[in-house]
Amino acid sequence: MMRHVDDSGLPGVRAGRSKSPHLFLFRIVSIRQLSLCGIIVLSLTAPPAAQAQLRPLEPIPWRAFDDGNVITAEVGASQLFDQRASLAGTSGILTELANFSFTWRTGRVAVEAAGTGQRFFQEQSRFATPYPFVEPAVNNRRYDSGDYRASTVVRLTPDSFPVTGVLRFGTRLPTTDATTGLDRDASDFFATVGAAGHRGILTLSGEAGLSINGTREQFYEQDDLILYAARAELHLGFATPDILVAGQEHGYNHSSIRGVENLSELRAGVRFGDRRWLRAEVVKGMAIFSPSAGILLTAGLVR
């Protein structure tokens, strides 16, 4: 039997004339070529509908740009406590199985495919009325697959530069539907810029950008959020402890739309191994719609 809780926590530039007809035609052709490239990119990355996130966007896969690395792969699982499912209006224990990330790099460009195979949600309390389209839980349990996401990371700085600067852009791909109450059936697109650098045994990395999220509101079909992530790592031989903060935030004087709330997680962990590794992280939520606590276990390799 779920206990009921009252606190919801919801919250001009004018173009000049061309002096040459040949130059004018060249500009038209160039614009058409750029437009065609843009359409091709969007057709390869944009789904008809994508599901949003219960969790913040994972950081840039920085190890893909280490010398000699071509493939980076990870698989793992997590369990998170007091996680809120906004559309269902409930909170409980979220278990994620088959979390995965696969990154392939060629030259200065890396392509990433990542996501979650299965999510199982055990409801423990209710904080709001569910959306009308959300189906009731069976024995206080919900499950779904996803989200899945695809992104491209482009290195912007020379290989000899002491700091690695990148541009990352991508989309969240479709899962099932919104009736499970765990996520929205709406399109999300994101872009961030980031930098990473080494000094002795210390590695610092960070990124910031924008996410354009679809919503379930009829009169507010999208919502824009600021994305951020920062990590510090200490390379101590076989063990590499690290601390990470990642999240999404609305700007000042901007109220969140249900299903697109502020998220923030503080993680502390340790990675054992280098080319092949095991990582354990503990999670502390820093926002009301993030879990109060949790643990993440991951195994990975680079080649």
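The residue numbers shown here count from 1 along each chain, following its written sequence. This being a predicted model, a pLDDT of at least 70 is required before a residue's local features are given, and a value of 80 or more before pairs of side-chain atoms are given or counted; all residues contribute to the totals for chains, interfaces and linings. The side-chain numbers reported here are obtained from all heavy atoms of the structure, hydrogens and water having been left aside.

Draft legend 1. Expanded view of the overall build of the chain. Only DSSP runs of H or I reaching four residues or more are called helices, and only runs of E reaching two or more are called strands; each is numbered from the N terminus. Helices and strands together make up the secondary structure of the chain, namely one helix and 14 strands. For the chain, buried positions account for 44% of its 303 residues. Each accessible area is a Shrake-Rupley result for a 1.4 Å probe, and residues are judged covered by the shown protein chains and nothing else. As displayed, the chain has an accessible area near 16,200 Å², and 63% of this comes from carbon and sulfur atoms. Each residue is assigned to one of three classes by its accessible area relative to the maximum for its type, calculated with a 1.4 Å probe on protein chains only: buried under 20%, partly exposed between the two thresholds, exposed over 50%.

Draft legend 2. Up close: the nonpolar core. Listed in full, the twelve residues of the largest apolar core are Leu54, Leu80, Ala85, Leu87, Ala88, Leu94, Phe121, Tyr131, Val134, Leu182, Val283 and Leu296. Should any heavy atoms of two residues lie within 4.5 Å, those residues are considered in contact. Residues contacting Ala85, with those up to four places away along its chain left out, are Leu54, Thr90, Phe121, Phe127, Gly181 and Leu182. By size, the runner-up hydrophobic cluster in this structure holds eight residues, among which are Ile60, Trp62, Val153 and Val166. We call a set of buried Ala, Val, Leu, Ile, Met, Phe, Trp, Tyr and Cys residues a nonpolar core when their side-chain atoms join them within 4.5 Å.

Draft legend 3. Highlighting the pairing of strand β11 (residues 239-249). Strands are treated as partners if at least two bridges between them are detected by DSSP. Judged from the eight bridges that link them, strand β10 (residues 222-234) and β11 form a sheet pairing that is antiparallel. By the bridge assignment for β11, Tyr228 is matched with Gly247. Here β10 folds back onto β11, and the loop between the two strands holds four residues, one of which, Gly237, carries a positive phi near 80 degrees. Where β11 meets strand β12 (residues 263-272), ten bridges bridge the pair, whose relative direction is antiparallel. Looking at the pairing, Val245 lines up with Leu266 of β12.

Draft legend 4. Representation of the pairing of strand β5 (residues 141-144) within the structure. The side-chain alternation of β5 yields one buried face, formed by Arg142 and Asp144, and one unburied face, formed by Arg141 and Tyr143. Judged from the four bridges that link them, strand β4 (residues 109-126) and β5 form a sheet pairing that is antiparallel. Within the sheet, the bridge partner assigned to Phe120 lies in β5 and is Tyr143.

Draft legend 5. Quick peek at the environment of Ala196. Relative to the helices and strands, Ala196 resides in strand β8 (residues 188-199). Here Ala196 falls in the buried class, since its relative accessible area comes to 10%. Sequence separation between Ala196 and Ile60 is 136 residues, and the spatial gap between their C-alpha atoms is 10.0 Å. The contacts of Ala196, once residues within four sequence positions are left out, are Trp62, Pro162, Val163, Thr164, Leu204 and Ser205.

Draft legend 6. A look at the side chain of Thr152. Take Thr152: it is sitting in strand β6 (residues 148-155). Excluding residues within four positions of it along the chain, Thr152 makes contact with Val109, Ala110, Leu167, Arg168 and Phe169.

Draft legend 7. Representation of the side chain of Gln83 within the structure. Along the chain, the position of Gln83 falls in strand β2 (residues 71-85). When sequence neighbours within four positions are dropped, the list of residues in contact with Gln83 reads Leu54, Arg55, Thr90, Ser91, Gly92, Leu94, Phe121, Phe289 and Pro291.

Draft legend 8. Geometry of the confidence of the model for the chain. For the chain, mean pLDDT is 83; residues scoring 70 or higher make up 77% of the total. Every residue is assigned a pLDDT by the predictor, reflecting its confidence on a scale from 0 to 100. Note that pLDDT drops below 50 for residues 6-52; the model gives that stretch 62 contacts with residues more than four away or on any other chain.

Draft legend 9. Looking closely at the environment of Gly68. Structurally, the position occupied by Gly68 is in the loop between α1 (21-45) and β2. Here the alpha-carbon distance between Gly68 and Arg105, two residues 37 residues apart in the chain, equals 9.8 Å. Those residues in contact with Gly68 that sit more than four places away from it in its chain are Arg105 and Arg303.

Draft legend 10. Focus on the packing of aromatic side chains. Aromatic contacts are taken between Phe, Tyr and Trp rings whose centres are within 6.5 Å, Trp giving its six-membered ring; a plane angle under 30 degrees counts as stacked, one over 60 as edge-to-face, and the others as tilted. This model, assessed by the stated rule, comprises five aromatic pairs. Ring centres 6.3 Å apart and planes at 40 degrees place the aromatic pair Phe238 and Phe272 in the tilted group. Residue Phe238 is located in the loop between β10 and β11, and its partner Phe272 is located in strand β12; the two are separated by 34 residues in the primary sequence. You can call Phe272 partly exposed: its relative accessible area is 40%. Across the ring face of Phe127, the terminal group of Arg84 is positioned such that the distance to the ring centre comes to 4.2 Å. Consider the ring centre and the ring normal. A charge sits over the ring if Lys NZ or Arg CZ is within 6 Å of that centre and within 35 degrees of that normal. The ring centre of Trp277 lies 6.0 Å from the NZ or CZ of Arg271, which sits over that ring.

Draft legend 11. The arrangement of the pattern of salt bridges in detail. Between Lys or Arg on one side and Asp or Glu on the other, a salt bridge is scored when a side-chain nitrogen of the former is within 4 Å of a carboxyl oxygen of the latter. According to the stated counting rule, one finds 18 salt bridges in the structure shown. A salt bridge links Asp147 to Arg119; the nearest nitrogen and oxygen atoms lie 3.7 Å apart. One end of the pair, Asp147, is in the loop between β5 and β6; the other, Arg119, is in strand β4, and 28 residues separate them in sequence. Given a relative accessible area of 3%, Arg119 falls into the buried group. In this structure, the salt-bridge partner of Glu123 is Arg142, at a minimum N-O distance of 2.5 Å. With a gap of 19 residues between them, Glu123 in strand β4 and Arg142 in strand β5 connect regions that are remote in the sequence. For Glu123, a relative accessible area of 4% corresponds to the buried category. According to the relative accessible area criterion, Arg142 is buried, its value standing at 7%. A single network of salt bridges, built from pairs that share partners, joins Arg55, Glu58, Glu96, Arg119, Asp147, Arg172, Glu265 and Arg267.

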